Structure formats: structure tokens, C-alpha cells
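Each chain is listed here by its residues.
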Amino acid sequence: MRNLQLNSHGELQHLLTIEGLPRTMLTAILDNAAPFTEVAEREVKKLPLLRGKSVFNLFFENSTRTRTTFEIAAKRLSADVINLNINTSSASKGETLLDTIDNLAAMQADMFVVRHQSSGAPFLIAEHLAATGLDHIHVVNAGDGSHAHPTQALLDMYTIRHYKRDFTQLTVAVIGDILHSRVARSQIHALTTLGVPEVRVIAPKTLLPASVERLGVRVFHDMHEGLRGVDVVMMLRLQNERMNGALLPSPQEFFKSYGLTPEKLAQAKPDAIVMHPGPMNRGVEIDSAVADGTHSVILPQVTFGIAVRMAVMSMLAGA
Amino acid sequence: MPNTTLPRIPDAEVLLDALVEALRADAGPGMALVGIHTGGVWLAERLHAALGLSIPLGSIDVSFYRDDYTSRGLHRGTRTSSIPFEVDGAHIVIVDDVLYTGRTVRAAMNELFDYGRPGRIDLAVLADRGGRELPIFARYCAHVLTRPLPATKELVLMRTGKDAQSSLSLTLKEKCDA
């Protein structure tokens, strides 16, 4: 099947997943994001690139943070932004996903930013748009089920490149609930595509997907061992709803073994950076001393996230 | 032979000297230069040094403000704009290598207004190749081509080395994305 994400000229048509995107495309997105970082320092924080375009934020699953960063990015590009929290509107009245899309397309939408609890929902929308001849509408996946969260991974890559310059010399550890994490999957694909020679995952056996090694990662179950000599520490959020199941004993127990403390972080390189996609559970996956410490680049990640989303939206709208 | 109908392309270094002299009459502590990437920035660096201006040099990449974005997409390799002075009330001279349709200058002015309200904006260029599509005029212009260039041609500024004092030259090329 043709890669839905690229048009016939090899330009970005939709951003659905990192998987399958060539290294040149990931690098192009990161390169394009750089000049957008400066816009935030101007008196008028606005560029005219998406003037007159309508961007619909379709959030079938709540996420105030991600929705807000997409909203800011689109507004700084002068787009009109319409926020729809679908779980409180049409879907609860029984409308199907594709009927919702058809209706919004009839309102002259130019872009859909989609967050959905089901893996593959943004793909379904992109296929539907192609099948109904609505190729001028672009789709950005803002997180689907446990599948992918490509803009989060891209802003993470931007952050790594900002601090470490060269991907091909790095050891990177992704830590926490890999099993349920769409962020982890997208990060791992991005890291390996960009040529990071050693990607590690550190997690208890119960929070690792089966045959995770096939993604090209080294698996560790012990934090001290896994953190030894790493350049970049990427923490994942432990979702509250997972803590009550059979996979984990208790948040306290998880923190003891897998929480990032200054003592465990001392195993990493002295200039290691610590990242987290937010929102953080302090005292569960990360200690406050680390979250607020000198290694932390968690707040720069948020700032870079807006520039990266501006770059992605500009590339899509110009394709 | 079509080449014989093309105008003579003058030496960029000679034109630069003329541009310095043209600007010198108005140069003073209140003049700020802003170069347009890439050729305009090279020129602005040379002008800034030759005129001994005190306000730090600015540079802009107008890719985000181009009027052909919807048909051509985002320009790869866009550089970060840098305006390291207070724009409100400033006398700004936009510097570019070649003046053509005027669309780049319009984009540059739009961008400058997102930083503040300049007191006055002027334009300095090395060469005017004709073919204006907007009511834009270069107050400081070192050379007007005797005949407008055909749209298939591109007049580009080249720099021999990487440092700001490397010598500049103008070259006529076939337009690659016409």
C-alpha cells in the first residue's frame, strides 16, 4: 500500500506515525522547526502561513495539554482553530467517527488534529478522506490508543538535537510503562530512524510489549544497570489507571524500583539530560529533585513542542 | 544568439563601494540595517562595517511571509530571523542584493511590522533588474540594469569565502524553479 503520509511529490500529506517516515523527512521537520522558535520572542507572535485555514482539534479523548499546544501552534500560524471535545458531543449521541468527519469536511475544514482512544483512528480518517476525494484536508495524529504520538516524539528529537547535536553518538534510555505508551513507540521509531546507535528500554517485565527487542532496543529491568553511561534519559508517564490493575504492586513500589532519583541518575553521564512528556507524577516515575534539577529539560521540551507543531502544520498546509 | 541581448553585469565590489557612498550621506547613530537572507545579509555585513554603524545588524528570512507559500509550500532551510534592536520608531534600511518583483521586500516589511512600528523604512540594493510587480522603490540603488532581465534568468550574488569580508560577485543564471 502507498504510504498515506506522503503525497505523490514525497511531501508530508498527513502525520500519522513516525514508523515508515524516512530519516530525511524527520530531519526536514526538525530543520523546519528551528526558525519557528524565534517567533515566540516577538512582539507579535504570529506568522501568516495558515491565514484563512480552519484547523479542527478533534479530541475524542481528553488532553488539555496536547490540545492547548496544538491550539497555540495553529493560532501562531494565523489559522482559525475550532476545538471539539467529541466525547461530550456527537459521539455520545451515536454519530459514527466518519459521519463526524464528513460533517466537518462539509464545513470546509483544512486540517484535523486527532486524539483518539483507539489505535488507528487517524489512519481511518486519512483513508476515508483519500477515498472520498478530500485530499486537501490534512490529518495530524495527536495520539491514538497505545499506537503513536508522532509530534511528541518529534519534539523530543528536537530537544535531543538541541542539547546533544549529533544522534549518531548517543545512548538513550526510555523508561517506564512501555507497554501502554504510544509516546514510547514513536520515540523508539524516531531514535532508530535518526541513527541513535543504542536505544535502551528500562521497565518491569509486566510493562513491556512482547518481543520489544524487534524494535531495535536493548532491554533492561534494573535502573542502575540500564542508566549506566546514557546521554539521554526519557521518562514516561505512568498512567493512573494502570496502577490499580494487576501489572503493578503500588505507586510506591514502582517508585522504589523505577522512579528516577538523583541517586539512580548518577549512573548516567554527568551531562545527561532528563526528559518527560508530561504531565508528571512526582514521586511515582520521577523524583522532584530530578524534575526540577539541573539535568532536567522538561520545560524546554514544552516550548520546543510549539515550534515543532508549527513546522508540521506549515509543511502539511503547504503540501 | 539570445545572450547578446542580455545586459552587461557589473562588478559587485564596485557597486558595493557606490552603495556605501550613497548611504553615507544619511548614515548616523539612528540608522539600522536589516539584511534579507542570504545575499542581502552578506551585503549588510559589509555595509555595516564600512559605515561604522552602532546599532547591531539585523537579518530576516522572509520565507514565512512569502505570498507564494500556498502554491510552493514551506521553503526548506529557512533561517532564523534576528532583529537585535528596538524596532519602534527606528530608521531601518532593508538591504537586498537584487530588486526584482518587489514581493520579497513586501514580505520583509510585513515581517518587520511584527516586531514593532518602524519610524521609517528605506531600501538599499546592489542592482535593480526591472520587472516590478508592486509599487516598491529602492532609495539606495547602485545600478539599474540597462534592459530588464527575462523571467527565465536569475541574477544572484555569490561570495567567495565564508567570512564577512570575502569578496562578492554578481552572476547571471538560468532560473531553476521557474
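Thresholds applied
Residues numbered from 1 in each chain as written. Chains lettered and ligands numbered in written order. Predicted model: local features only at pLDDT ≥ 70, side-chain atom pairs only at ≥ 80, totals over all residues. Helix = DSSP H or I, 4+ residues; strand = E, 2+ residues; numbered from the N terminus. Rg over C-alpha atoms; globule rule 2.2 N^0.38 Å. Pairing = 2+ DSSP bridges. Contact = placed C-beta atoms within 7 Å. Axes fitted to C-alpha atoms, helices over the stretch in contact; angles between N-to-C directions. Domains from an automatic or database assignment.

(A) Inspection of the overall build of chain B at higher detail. Scanning chain B from N- to C-terminus turns up four helices and seven strands. In chain B, the succession of helices and strands from N to C terminus is α-β-α-β-α-β-α-β-β-β-β. Taking 16 Å as the expected radius of gyration for a compact globule of 178 residues, we find that chain B reaches 16 Å, a close match to that expectation. Taken along its principal axes, the extent of the C-alpha atoms in chain B is 50 × 40 × 35 Å.

(B) The sheet that holds strand 5 (residues 140-141) of chain B, seen in detail. Residue and element names in this part refer to chain B. Read across the sheet, five strands follow the order 2-1-3-4-5 without closing on themselves; strand pairing throughout is parallel. The outermost strands of the open sheet, each flanked by one partner alone, are strand 2 (58-60) and strand 5. As judged from the two bridges shared by strand 4 (residues 120-128) and strand 5, these two strands associate in the parallel manner. When the sheet's bridge partners are listed, Ala 124 is paired in strand 5 with Tyr 140. Together, strand 4 and strand 5 form the strand contacts of helix 1 (residues 12-24), whose direction differs from that of strand 4 by roughly 155°.

(C) Representation of the interface of chain A and chain B within the structure. Each partner contributes residues to the interface: chain A has 18 residues there, and chain B has 16 residues. Those elements that provide at least two residues to the side of chain A that touches chain B are helix 1 (23-33) and helix 12 (298-317) of chain A. Per element, the largest residue contribution to the side of chain A that touches chain B is three residues, and it comes from helix 1 of chain A.

(D) Main features of the domain arrangement of chain A. All names here are of chain A. Structurally, chain A comprises domain 1 (23-149 + 303-317) and domain 2 (150-301). Centre-to-centre separation of domain 1 and domain 2, based on C-alpha positions: 26 Å. Breaking the side of domain 1 that touches domain 2 down by element, the ones donating at least two residues are helix 1, strand 4 (138-144) and helix 12. A per-element tally of the side of domain 1 that touches domain 2 places helix 12 first, with six residues.

(E) A look at the sheet that holds strand 3 (residues 111-116) of chain A. Residue and element names in this part refer to chain A. On the basis of which strands lie adjacent, the open sheet formed by four strands has the order 2-1-3-4 and parallel pairing. At either margin of the open sheet sits one strand with a lone partner, and together these are strand 2 (80-85) and strand 4. Averaged over all pairs of adjacent strands, the angle between their axes in this sheet comes to 15°, without regard to strand direction. Strand direction decides the pairing type here: strand 3 and strand 4, joined by five bridges, are parallel. Within strand 4, the residue paired with Phe 112 across the bridge is Val 139. On the sheet, helix 4 (residues 121-131) packs against strand 3 and strand 4 and is oriented at approximately 165° with respect to strand 4.

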